[in-house]
Amino acid sequence: MVEMKEVVHVLSNATTKSLILIDEMGRGTSTNEGVSLSREITIRLADLGIFTLFATHFTELTKIQHERIKNFNTSVNLTESAIKMKYIIE
């Protein structure tokens, strides 16, 4: 519920000069609800022309076809002694 209030606030107040950062959008919902909510929020932000970065475990969102949406992927290499983040956008 808190997340939805925050999303409403973001959608109501963001402008094309805003930068929106969202971590794990749709978390705390069922998979179908999370994917649906995340998809519609993503499309709405793109329609508004708002630059948004978000992390998600919903791989279904990478299939959204929209002229303003670009998908980027980063990766992590785990070993017994280290965590190495790849900051190269692929």
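Residues numbered from 1 in each chain as written. Predicted model: local features only at pLDDT ≥ 70, side-chain atom pairs only at ≥ 80, totals over all residues. Heavy atoms only, no water.

Caption draft 1: Structural context of the nonpolar core. Of all hydrophobic cores here, the largest spans 8 residues; its members are V7, A14, I20, I22, M25, I41, L45 and I50. Put simply, the parts of the chain that give this core at least two residues each are β1 (19–23) and α2 (31–48). In terms of nonpolar packing, the next biggest core, distinct from the first, is built from 7 residues, V35, A46, F58 and I69 among them. (Core = buried A, V, L, I, M, F, W, Y, C linked by side-chain atoms within 4.5 Å. Buried < 20%, exposed > 50% of the residue type's maximum accessible area, 1.4 Å probe, protein only. Helix = DSSP H or I, 4+ residues; strand = E, 2+ residues; numbered from the N terminus.)

Caption draft 2: Seen up close, the pairing of strand β4 (residues 83–86). Looking at chain direction, strand β3 (residues 75–78) and β4 are connected through 4 bridges and run antiparallel. Bridge pairing in β4 places V76 opposite M85. The turn joining β3 and β4, which pair antiparallel and follow one another in sequence, is formed by 4 residues. (Pairing = 2+ DSSP bridges.)

Caption draft 3: Just the pattern of salt bridges, in detail. Considering all chains together, one arrives at 1 salt bridge under this definition. Among the ionic pairs, R39 bridges to E40, the shortest N-O distance being 3.2 Å. Given the relative accessible area of 37%, R39 is considered partly exposed. On the basis of relative accessible area, E40 is assigned to the partly exposed category, the value being 47%. (Salt bridge = Lys/Arg side-chain N within 4 Å of Asp/Glu carboxyl O.)

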